[in-house]
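Understanding the architecture of this molecule
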Amino acid sequence: MTKSSGALRKRKSLSHYYNTSQYRIDTWNKLKSLARRLASGEGKAKELRKSVADLIAYLAPIEVYWAFPGPQLILQLTRDAEHKDFEALANRVTRVAGALMSGEYRRKHINLADPRGFEADKEEVADSGTFAETDRTRKRIYFEVLIVDNLSQNQMDAQRISLANMRRDEDQFTYAPVFVSSLDDALIAVSMNHSIQSVIIRYGFDLHSENDLPTLKTFLAKARREDIETIDSSEYGEVLADTIAQIRPELDLFLVTDRSVEDIAGRVGSTCRRVFYNTEDYFELHLNILRGVQSRYRTPFFTALKEYSRKPTGVFHALPISRGKSILKSHWIRDMGEFYGLNIFLAETSSTSGGLDSLLEPSGPIKEAQDLAARAFGATHTFFATNGTSTCNKIVVQALVRPDDIVLVDRDCHKSHHYGMVLAGAQVVYLDSYPLSQFSMYGAVPLRLIKQTLLKLRAEGKLHRVKMLLLTNCTFDGIVYNVQRVMEECLAIKPDLVFLWDEAWFGFARFAPTYRQRTAMHCATTLRNRYKSAEYRTEYQAFQRKTAKLATDDIDAWLDCRLYPDPDQVSIRVYATQSTHKTLTALRQGSMIHIHDQLYKSRVEESFHEAFMTHTSTSPNYQILASLDVGRRQVELEGFELVQKQVEMAMVLRQNIMTLPLLNKFFRVLTVGDMVPEKYRQSGIKSYYDPDHGWQDIWQAWEGDEFCLDATRVTLFVGTTGQDGDTFKNKILMDKYGIQVNKTSRNTVLFMTNIGTTRSSVAYLIEVLVKIARSLERELEDMSPVERRIQARKVKSLVEDLPPLPDFSRFHDAFRNDLTGQVAEGDSRSAFFLAYDAEHCEYLSLDEQELDRAMDSGRDVVSASFIIPYPPGFPILVPGQVASPEIIEFLRKLDVKEIHGYRPELGLRVFTEDVLNRIMKSKGGASDG
Ligand SMILES: Cc1ncc(COP(=O)(O)O)c(C=O)c1O
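Analysis parameters
- Counting starts from 1 at the beginning of each chain's written sequence and moves along it residue by residue.
- Thresholds applied to this predicted model are a pLDDT of at least 70 for local features of residues and 80 or more for the giving and counting of side-chain atom pairs; totals over whole chains, interfaces and linings are not thresholded and use all residues.
- Hydrogens and water molecules were not included; the side-chain quantities draw on all heavy atoms of the structure.
- Throughout, an axis means a line fitted to C-alpha atoms (over the contacting stretch in the case of helices), and angles, computed between N-to-C directions, take values from 0 to 180 degrees.
- Where helices and strands are cited, they refer to DSSP runs of H or I of at least four residues and of E of at least two residues respectively, numbered from the N terminus.
- Under this scheme an angle from 65 to 115 degrees is roughly perpendicular, one under 35 degrees roughly parallel, and one over 145 degrees roughly antiparallel; angles in between are oblique.
- Should the near helix be turned counterclockwise from the far one by less than a right angle, the crossing is left-handed, whereas a clockwise turn marks it as right-handed.
- Contacts: residue pairs with any heavy atoms within 4.5 Å of one another.
- Each residue is assigned to one of three groups, with Ala, Val, Leu, Ile, Met, Phe, Trp, Tyr, Cys and Pro labelled nonpolar, Asp, Glu, Lys and Arg labelled charged, and all others, Gly among them, labelled polar.
- Here a residue counts as near a molecule or strand whenever at least one of its heavy atoms sits within 4 Å of it.
- Identification of polar contacts relies on pairs of N or O atoms within 3.5 Å, with a donor-acceptor requirement for protein atoms, meaning one able to donate a hydrogen and the other able to accept it, and with residues adjacent in sequence counted only if both atoms are side-chain atoms.
- A 1.4 Å probe and the Shrake-Rupley method give the accessible areas. Residues count as covered only by the protein chains that appear here.
- Strand pairing is assigned whenever DSSP identifies at least 2 bridges connecting the two strands.
- In these notes, a set of buried Ala, Val, Leu, Ile, Met, Phe, Trp, Tyr and Cys residues joined through side-chain atoms within 4.5 Å is what counts as a nonpolar core.
- When accessible area is computed with a 1.4 Å probe and restricted to protein chains, residues below 20% of their type maximum are described as buried, those above 50% as exposed, and intermediate ones as partly exposed.

1. Focus on the packing of helix α2 (residues 20–39) against helix α3 (residues 45–63)
As a packed pair, α2 and α3 sit with axes 10 Å apart at the nearest point and diverge in direction by 155°. For the element pair α2 / α3, the angle class is roughly antiparallel. For the element pair α2 and α3, the recorded crossing hand is left-handed. Residues Tyr 23, Arg 24, Thr 27, Trp 28, Lys 30, Leu 31, Leu 34, Ala 35, Arg 37 and Leu 38 of α2 form the contact with α3, whose participating residues are Ala 45, Leu 48, Arg 49, Ser 51, Val 52, Leu 55, Ile 56, Tyr 58, Leu 59, Ile 62 and Glu 63. Residue classes in the contact of α2 with α3 are distributed as 14 nonpolar, two polar and five charged.

Structural data, given as structure tokens:
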């Protein structure tokens, strides 16, 4: 192989991994099997030696970014190979590959110095300058510390020893240093090495890496500041700190400088944990490193609950299960105690004192836990909820929306928002998402439609009544908005607009840099900083000049402009609700509300408190609260690693389905090109992964496209099997193979990966899909001509004959307060409560002619309830909405069994003509039918 083709191979193979650390582990495993063959004398020695040397050379530039096993071991392996000591080489490689796979090196010391491999670990090895093992240190949690400095090998060794000598018995954690000597290397290290928790940035390091990793060039070009080549080298430290904070905001950064420490501390105070002046005080540094990690590791409420459960207490309140009392003494329910273990009952309490706290008025460990969560998720305030995002959504809506305020809502949002609108008495303007009729699902709301609605409301003089824009990011199917762009352009029209981003499915997104840029809290901070900057003022002035002559009501002209808010008028008011339990570690119903609202203190705090009181139980579940606290600790320390692995798992699944010919025959993974129409993909990228190019383009798409796709969700098109999504899910995946999925459409099933998804679970799913494909293939082969025709008809109906997805029709005039203008906001609340009186309602059967006759005669058929088919899981009709022929056709063609609000034996619950006429008369008009 020539040098350049070797480099090409290296580039291609690395680019096929979303997660470089997975590439690294796979390469070590490959090296292990070759080294073992070489040691045992199997195969052609010369070729094996060459392949082993090549793999060591591939790993060498990667290992410089890890403390374990570290660059020293690569040198040792090279020496073993040169001395033809293949036994020692194979032992060492086997040890490393095993420790990396199992993560064992993060729990105990692995002795790689001894060429006997596994044997050596059986002995206690005191190795000065590395890790002296004692029983205590075994239990310590291990991490790595990046030191950015220009050091000789001797200096590095001396520093390693100095830091190792600082360890004390009482330390809770242990760490090993990774040394790099340039800004580029530091960026690569923090993006590749998820074990790094702290970074010490010294001075005098270089800008560029000597390490040639071509696949990381794109990453570096994105990560580095654009003007980096023009910056004075004395500023590299500060610039590096800022850039790392963009990539991994959770890391503790320590800046060591030889310049005025006070000046620098003022500038980097928000990104750096501490600034040191030219320190050689390793003990101080060591303590700060441990303290930084400890402050993320701390779980105030979980710890308080554990402590409380250890205290002897007498229980004289209404909680018989507390301390397991009602269970352990029982003759009949002891199995419950045996199943759960005692701890959960010891921790079961409703006490708000004795070291615990009250969720309704937190001032102790719950408050602290919430504050830590706010830091972790980038919010100014965070609130925990023990009854899901369904409740969080209602809390936020009630806290901000008064009766008669106008709220713009995406029509296919979760039902909790629709109920929230009823409770708040909002005037709702439903916004339609773009349809994906070929897959019987909806996308998301185009920015143009949102702007157009706001511009029309402005032209109609109603803008002052508009309070909130409510969108789901990301959607169940994984469509992700360009959050920053949406907020910026909307704020240009309504500078104090409140945004509620339903991030029920997006809690994990903050912990991966690509995803983070599309989260509500990140964008809130970015926009707030942007509007304070002088550069933005210049941008805004240019926009003002460009639009100076546009008339306010020239909606089309405004729509064609990129809009910029006035920095002197704008307020950042952003709320996000997250089902922590859906995507991170938390018990069911554990959710969080994150807030970045500049006006929170002055305008919202009181009403938020009331709304929180309205919806929160006075007996919140402490186990759920503790799990939220622990879930926060986890993401601050390993979120980056877990999310990368999760995306990697989704990629492995995609890759297998795309490349196995048997699977290809029946299944297709939908790409971003399938789920986001071309006009919303400005990058032109159709697939984030393809078998030829790997994962190259995801950054570009996520940076600029109007919509992108969350790659952790894999939507599988199953129409070609002749089974609809629901049957495929229940009858095949669940009943036959025990695989759970929670969303389907007429011809798709959605596989969600999560931070707990393992390679084995992905392998099992692929195995199952192969089995299903094989059995389908056999069935098809054995079919009679008649059966074949029936099968072809089924496939056609699932692939071609899909009912068009209906848009929101309109509110009946009886439920509209203001009949002027083009934007028809409606009042689902009055319709909702009107339906409480049975005499106002009647039933029209979907199956009978009566409904068609009524509609043909010109009668407005107006829904008296929410009609929510599963899937898609959002209301196809809301109270007060006129049923359109398209909606009726859609309902008739739906083949799902679960339609909430609809009783097939009775029909659609609609308002009587009589009651509608009466309301219209009282408004001084005739029914609009
Ligand atoms: C978009 C969206 N928001 C909110 C919720 C409700 O969340 P929870 O189950 O935490 O109450 C869901 C549930 O599926 C959802 O899909």
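2. Looking at the site of the ligand
Among the 13 residues in the neighbourhood of the ligand, the closest are listed as Thr 389, Ser 390, Asp 502, Ser 579 and His 581. Measuring from a nitrogen atom of the ligand, one finds a side-chain N or O atom of Asp 502 at 2.6 Å. At 2.7 Å, a side-chain N or O of Ser 579 approaches an oxygen atom of the ligand. Protein contact buries 85% of the 390 Å² of open area that the ligand shows by itself. For the shell around the ligand, the secondary structure elements donating two or more residues are α19 (388–400) and α27 (580–583). Counting residues per element, the shell around the ligand draws most heavily on α19, which supplies four residues.

3. Considering the sheet that holds strand β8 (residues 427–431)
The seven strands are arranged β6-β15-β14-β13-β11-β7-β8 in an open sheet whose pairing can be described as mixed. Each edge of the sheet is formed by a strand with only one pairing partner; in this case those strands are β6 (381–385) and β8. Geometrically, the sheet is characterised by an average inter-axis angle of 20° between neighbouring strands, direction not taken into account. In the sheet, strand β13 (residues 498–502) pairs with strand β14 (residues 573–578) via four bridges, with the strands oriented parallel. Along β14, the bridge assignment pairs Leu 500 with Tyr 575. Where helix α22 (residues 483–493) meets the sheet, its contacts fall on β11 (466–472), β13 and β14, and the angle it forms with β13 comes to roughly 155°.

4. Section: the nonpolar core
In this structure, Met 468, Leu 469, Trp 501 and Phe 608 are the most contacted members of the largest nonpolar core, which totals 138 residues. With eight residues, the top contributor of residues to this core is helix α29 (residues 622–659). Not counting residues within four places of it along the chain, the set of residues in contact with Leu 469 comprises Leu 408, Leu 431, Ile 450, Val 486, Cys 490, Leu 497, Val 498, Phe 499 and Leu 500. Counting residues in hydrophobic clusters, the runner-up holds 67 residues, among them Ile 56, Ile 110, Tyr 142 and Val 275.

5. Structural notes on unusual backbone geometry
Note the cis peptide between Phe 68 and Pro 69, where omega equals -5°. Of note, the bond from Asn 473 into Cys 474 is cis; its omega dihedral lies within 30 degrees of zero at -5°. Note that Cys 474 resides in the loop between β11 and β12 (479–481). Despite not being glycine, Asp 404 has its phi angle at roughly 85°, a positive value. Here the phi dihedral of Gln 589 falls at roughly 80°; this positive angle occurs in a residue that is not glycine. Residue position: Gln 589 is located in the loop between α27 and β15 (591–597). You can call Gln 589 partly exposed: its relative accessible area is 40%.

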